[in-house]
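This is what each chain is made of:
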Amino acid sequence: MHNIRLNSILDNDFYKITMQNAVVKLFPSSIVKYEFINRGKHQFPEGFDVALRETVNKMAELKLTKDEKKFMAKTCPYIDLPYLDFLEGYHYDPSEVKIVQTGSDLSVTVEGLWYRTILWEVPLLALISELHYEMNHMERDSNEVVMSKTLEKADALGNLGVNFAEFGTRRRHSYKVQNLVMEALTQKKDSTFIGSSNVHFAMKYGVKPIGTHAHEWFMFHAAEYGFKMANELALEHWVDVYRGDLGVALSDTYTTDVFFQQFDKKFAKLFDGVRHDSGDPLEFADKTIAHYQKHGINPLFKYIIFSDALNLEKVEEITNYCRGKIGISFGIGTNLTNDVGLKPMNIVMKLIGVQAPNQEWIPTVKLSDEHGKYTGDPKMIELAKEFLRIND
């Protein structure tokens with residue numbers, strides 16, 4: 001029997017909440033499928049599936065508390081009350097999750113209405129990570145070491161003078177470690193720490209929940225409307241729901257070059273900035289700066305959130321390169337919540353299909369700016385590249 005469980009329905013990334021709000025409004029009848037991808041080829045011990053199933057079943061008991069609802073209403077005025085009422089009545093449905101273990105291989109799929117299943121991905125990954133360390137009896141650094149490492153990083157980032165947020169829920173070592181990290185980050189009054197992607201911890205520590213949308217938002221639009229229209233319609237729909245709030249656009253789902261062809265003057269002015277999540281960050285900065293200048297926009301009034309596998313060295317290099325050219329901010333994940341003397345897991349969960357009205361599944365793909373890191377159906381990847389004229 002394992003005591004691992006989620007403590008709050010808000011123990012999730014904020015962009016899942018913001019996307020769920022948009023999905024409830026715009027795509028209430030869409031059905032989708034997600035799949036767990038074990039990038040790091042991790043071996044799972046016998047009985048892992050049973051332990052995971054147990055924790056997943058417990059998630060049905062979670063519900064939004066009155067205090068959590070108040071926090072959301074006060075902190076996120078752009079999320080309207082009908083959605084918060086919906087979230088108050090929402091329960092995880094464990095029957096949407098299929099878990100199968102064959103030897104040391106683990107298969108996890110989620111299928112159902114998009115507005116319901118969208119919340120599973122992040123907690124599932126966090127639970128898989130935490131169970132993996134516990135069931136393999138792997139000893140982590142002590143609480144004191146975790147805290148002091150985190151404080152050192154916060155000092156270094158403070159000395160660089162850059163704003164940063166904690167983005168580490170999905171591959172955290174454990175709930176306890178993320179809690180220690182948040183405790184350390186919120187200790188200092190003069191820190192450049194600005195918030196967390198985790199809504200539960202943002203509430204617990206009185207900081208801002210941070211996030212807008214994820215790749216799945218664009219991947220869904222490609223399956224629904226075609227690759228050519230994906231970026232433009234995804235951004236247009238985002239603006240329809242949020243009217244200028246939550247203005248950071250994710251740029252690399254179908255490569256940044258394609259994105260910038262569609263991120264025209266209207267979007268460039270309307271969105272506060274863009275998020276970098278794959279490929280060379282300095283090259284991306286140059287492209288973004290040039291794009292704003294081309295549209296007569298001063299890049300210093302806009303910003304880039306960097307969020308791709310960051311550590312202190314990377315942050316310093318990016319800061320030195322971008323300073324004085326464009327606004328910058330950093331979302332640091334695994335390097336904060338899983339720097340505990342063990343190897344962090346390399347696991348993801350991706351949207352893999354959208355059901356068409358005739359019940360057929362349309363496979364989804366993500367291209368990103370890392371050549372060779374494309375994910376999804378190989379035929380669809382080739383089709384996307386052909387449609388979008390991507391040669392690599």
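As recorded in an unreviewed UniProt entry, the protein chain goes by the name Nicotinate phosphoribosyltransferase, listed as coming from Chryseobacterium tagetis. Taken directly from UniProt, the Pathway (unreviewed entry) text for the protein chain runs: "Cofactor biosynthesis; NAD(+) biosynthesis; nicotinate D-ribonucleotide from nicotinate: step 1/1." The Sequence similarities (unreviewed entry) comment attached to the protein chain in UniProt states, word for word, "Belongs to the NAPRTase family."

**Student:** I tried to follow the sheet that holds strand β4 (residues 163-166) on my own but got confused; where do I start?
**Tutor:** The strands making up a sheet are joined through hydrogen bonds of the backbone, oriented either antiparallel or parallel. The strand order β6-β5-β4-β10-β9-β8-β7 describes an open sheet built from 7 strands, whose pairing is parallel. Strands at the two margins of the open sheet, each flanked by one partner only, are β6 (208-209) and β7 (248-250). Sheet topology note: the β4/strand β10 (residues 327-332) ladder contains 4 bridges and is parallel. Across the sheet, phenylalanine 164 pairs through a bridge with phenylalanine 330, a residue of β10. In the packing of helix α15 (residues 312-322) onto the sheet, contacts are made with β9 (303-306) and β10, and the angle to β10 comes to roughly 170°.

**Student:** Before we go on, may I ask you to explain the nonpolar core in this structure?
**Tutor:** In summary, soluble globular proteins display a tendency toward joint burial of nonpolar side chains. The biggest cluster of nonpolar side chains holds 126 residues, and the ones touching the most others in it are Leu52, Val108, Trp217, Tyr254, Phe263 and Phe330. With 8 residues, helix α11 (residues 227-242) is the largest single contributor of residues to this core. Beyond its immediate sequence surroundings of up to four residues, tyrosine 254 is in contact with Phe218, Met219, Ala222, Phe227, Ala230, Asn231, Val365, Leu367, Leu388 and Ile390.

**Student:** Help me out: how do you make sense of the packing of helix α7 (residues 143-160) against helix α8 (residues 175-185) in this one?
**Tutor:** Relative placement of two packed helices is described by the angle separating their axes and the distance separating the axes. At a closest axis distance of 9 Å, the pairing of α7 and α8 adopts a crossing angle of 45°. Taken together, the axes of α7 and α8 are oblique relative to one another. For the pair α7 and α8, the crossing hand works out as right-handed. Here α7 contributes Asn143, Val146, Met147, Thr150, Leu151 and Ala154 to the contact with α8, which in turn contributes Lys176, Val177, Leu180, Val181, Glu183, Ala184 and Leu185. A breakdown of the residues in the contact of α7 with α8 according to their chemical character gives 9 nonpolar, 2 polar and 2 charged.

**Student:** Where do I start with unusual backbone geometry in this structure?
**Tutor:** Trans peptide bonds make up most of the peptide bonds, and negative phi angles are found at most residues other than glycine. The backbone phi angle of lysine 41 is positive, close to 50°, even though this residue is not glycine. Inspection of the secondary structure assignment puts lysine 41 in the loop between β1 (31-37) and α2 (48-58). Backbone geometry at leucine 246 places phi at a positive 50°, although glycine is not the residue there. Considering the arrangement of structural elements, one finds leucine 246 in the loop between α11 and β7. Residue leucine 246 is classed as buried on the basis of its relative accessible area, which comes to 11%.

**Student:** Looking at this structure, I do not really get helix α10 (residues 215-225). What am I missing?
**Tutor:** One turn of the α-helix equals 3.6 residues, which is why residues spaced by three or four share an orientation. Counting buried positions along α10 gives 9 out of 11 residues, so the element sits mostly inside the fold. Residues His215, Glu216, Trp217, Phe218, Met219, Phe220, His221, Ala222 and Ala223 constitute the buried set of α10. The first or second residue beyond α10 is glycine 226, which carries a positive phi of 100°.

**Student:** What should I look at first to understand the sheet that holds strand β2 (residues 97-102) in this one?
**Tutor:** Here we have 5 strands laid out as an open sheet, ordered β2-β3-β1-β11-β12, and antiparallel in their pairing. The strands lining the two open edges of the sheet, one partner per strand, are β2 and β12 (361-363). Pairs of neighbouring strands in the sheet enclose a mean axial angle of 25°, with direction left out of account. Bridging between strand β11 (residues 348-355) and β12 involves 3 bridges; their strand directions are antiparallel. Paired with glycine 353 across the two strands is proline 363, which belongs to β12. Along the sheet, α10 makes contact with β1, β11 and β12, crossing β11 at roughly 20°.

Rules behind the numbers
Residues numbered from 1 in each chain as written. Predicted model: local features only at pLDDT ≥ 70, side-chain atom pairs only at ≥ 80, totals over all residues. Heavy atoms only, no water. UniProt positions renumbered as here; feature names shortened; annotations may be inferred. Pairing = 2+ DSSP bridges. Helix = DSSP H or I, 4+ residues; strand = E, 2+ residues; numbered from the N terminus. Contact = heavy atoms within 4.5 Å. Axes fitted to C-alpha atoms, helices over the stretch in contact; angles between N-to-C directions. Core = buried A, V, L, I, M, F, W, Y, C linked by side-chain atoms within 4.5 Å. Buried < 20%, exposed > 50% of the residue type's maximum accessible area, 1.4 Å probe, protein only. Parallel < 35°, antiparallel > 145°, perpendicular 65-115°, else oblique. Left-handed = near helix turned anticlockwise from the far one by under 90°. Nonpolar A, V, L, I, M, F, W, Y, C, P; charged D, E, K, R; others polar.

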